[in-house]
Amino acid sequence: MRNVLALIFFLTVCLAIVEVFRRYVLGESFFWQQDVVVYSFLVAVFLHLGITERLGAHLKVDLFSEALIRRSRLAGGVFLGLGDLASLLYVGMFVYWGIRLVEFGKRVGRLVTSQIMPVWPFYAVMVAGFALLWLWLVFRFYRDVLAARGLREFGDELLPDPGGERKIQELM
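Quick notes on the rules
- Residues numbered from 1 in each chain as written.
- Predicted model: local features only at pLDDT ≥ 70, side-chain atom pairs only at ≥ 80, totals over all residues.
- Heavy atoms only, no water.
- Helix = DSSP H or I, 4+ residues; strand = E, 2+ residues; numbered from the N terminus.
- Buried < 20%, exposed > 50% of the residue type's maximum accessible area, 1.4 Å probe, protein only.
- Contact = heavy atoms within 4.5 Å.
- Areas by Shrake-Rupley, 256 points an atom, 1.4 Å probe, with all protein chains shown as cover.
- Expected span 1.5 Å × (residues − 1).
- Phe/Tyr/Trp six-rings, centres within 6.5 Å; stacked < 30°, edge-to-face > 60°.
- Lys NZ or Arg CZ within 6 Å of the ring centre and 35° of its normal.
- Core = buried A, V, L, I, M, F, W, Y, C linked by side-chain atoms within 4.5 Å.
- Axes fitted to C-alpha atoms, helices over the stretch in contact; angles between N-to-C directions.
- Parallel < 35°, antiparallel > 145°, perpendicular 65-115°, else oblique.
- Left-handed = near helix turned anticlockwise from the far one by under 90°.
- Patch = residues over 30% accessible without salt bridge, like charges linked within 9 Å, V, L, I, M, F, W, Y side chains within 5 Å.
- Salt bridge = Lys/Arg side-chain N within 4 Å of Asp/Glu carboxyl O.

Chemist: Please explain the overall build of the protein as it appears in this structure.
Modeler: Scanning the protein for helices and strands turns up six helices and zero strands. Starting at the N terminus, the α and β elements of the protein follow one another as α-α-α-α-α-α. Counting every position in the protein, which comprises 172 residues, the buried fraction comes to 31%. Counting contacts in the protein only where the partners sit at least 6 residues apart, residues at least 24 apart contribute 66% of the total. With an accessible surface of roughly 11500 Å², the protein has 69% of that area assigned to carbon and sulfur atoms.

Chemist: Got a minute to help me understand the environment of Val 45 in this structure?
Modeler: On the secondary structure map, Val 45 appears in helix H2 (residues 33–55). Among the residues examined, Val 45 registers a relative accessible area of 39% and is labelled partly exposed. As a C-alpha pair, Val 45 and Val 125 span 80 residues in sequence and 9.9 Å in three-dimensional space.

Chemist: Help me understand helix H4 (residues 73–108), please; the structure alone is not making it clear to me.
Modeler: Every α-helix carries 3.6 residues per turn, so stepping three or four residues along brings you back to the same face. For H4, with 36 residues, the first-to-last C-alpha span of 52 Å sits near the 52 Å given by 1.5 Å per residue. Every buried residue of H4 is accounted for by Gly 76, Gly 77, Gly 81, Asp 84, Leu 88, Val 91, Val 95, Gly 98, Val 102 and Gly 105. Of the residues trailing H4, Gly 109 is marked for its positive phi of about 70 degrees.

Chemist: Help me out: how do you make sense of the packing of aromatic side chains in this one?
Modeler: A ring pair, where both rings are aromatic, is described by two values, the distance of the centres and the angle of the planes. Summed over the entire model, instances satisfying the criterion amount to eight aromatic pairs. The interplanar angle of 50 degrees and the centroid separation of 5.5 Å between the aromatic rings of Phe 46 and Phe 130 together place this pair among those described as tilted. A residue pair is termed long-range when its members are at least 10 positions apart, and Phe 46 in helix H2 and Phe 130 in helix H5 (residues 120–148) qualify at 84 residues. There is no split in this pair, since Phe 46 and Phe 130 are both buried. Taken together, Phe 46, Tyr 90, Phe 94 and Phe 130 form an aromatic cluster joined through their ring pairs. Cation over ring: Arg 22 sits above Phe 30, and NZ or CZ is 3.8 Å from the ring centre.

Chemist: What is the right way to look at the nonpolar core in this model?
Modeler: Most often, soluble globular proteins keep nonpolar side chains buried together rather than apart. Core analysis: the biggest nonpolar cluster contains 22 residues, and Val 112, Phe 122 and Phe 130 have the highest contact counts within it. Mapped by element, the contributors of at least two residues to this core are H2, H4 and H5. When residues no more than four places from it in sequence are discounted, the contact partners of Phe 130 are Phe 46, Leu 49, Val 91, Phe 94 and Val 95.

Chemist: For this particular structure, what's the right way to read the environment of Val 18?
Modeler: With respect to the helices and strands, Val 18 occurs in helix H1 (residues 2–26). Take Val 18: its relative accessible area is 43%, and that puts it in the partly exposed class. Separated by 11 residues in the primary sequence, Val 18 and Ser 29 have C-alpha atoms spaced 9.6 Å apart.

Chemist: Quick question: what am I supposed to make of the packing of H4 against H5 here?
Modeler: Running from amino to carboxyl end, H4 crosses H5 at an angle of 165 degrees, the nearest separation of the two axes being 8 Å. The orientation of H4 with respect to H5, classified from their angle, is roughly antiparallel. The element H4 and its partner H5 pack so that their crossing is left-handed.

Chemist: When you look at the packing of H2 against H5 in this model, what are you seeing that I'm missing?
Modeler: In a packed pair of helices, the relevant descriptors are the angle between the two axes and the axis-to-axis distance. Two elements in contact, H2 and H5, have axes separated by 7 Å at closest approach and are oriented at 10 degrees. With respect to H5, the element H2 is oriented roughly parallel. Taken together, the residues of H5 that come into contact with H2 (itself represented by Tyr 39, Val 43, Phe 46, Leu 47, Leu 49, Gly 50, Glu 53 and Arg 54) are Phe 122, Val 125, Met 126, Ala 128, Gly 129, Phe 130, Leu 132, Leu 133, Trp 136, Leu 137 and Arg 140.

Chemist: Explain a nonpolar patch on the surface here, please?
Modeler: On the surface, Leu 89, Tyr 90, Met 93, Phe 94, Tyr 96 and Trp 97 cluster together to form a nonpolar patch covering roughly 690 Å² of accessible area. Tracing the backbone shows Met 93 in helix H4.

Take a look at the structure:
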């Protein structure tokens, strides 16, 4: 999945570069290009949410939680568990309202600015990305409960990245 998303990013950047050349050098432009670039980036970003959570590669401030875990494993686990539950609720609301948005978009038939395609498939991809993120947050909550009970260590990565560490070592 990461390779497909990287390809989407790459092709989108290539299309944007071609369009800059066409617009400023040739003085003409595709009428549909801006919509394709914007929505392609959105597809890649939203589908990558779950992968980012799985790898623990998202931005976060964990100074307080690390200090709390060092003082008391249980208190740190409760703190992380409450954060996990808040995240589950927040992302769950995105999924719920996103599904309603997809249904509404289908019903009214709204099109993108260039009028070449409907908007609802992009809403559906957004919902799919948030649903995958929600699923990984469920796993994170379960992992943090186990860690608070002393049954495993606290950590960012939910599952090991297959070949990720090896690939990093090969690049160095």
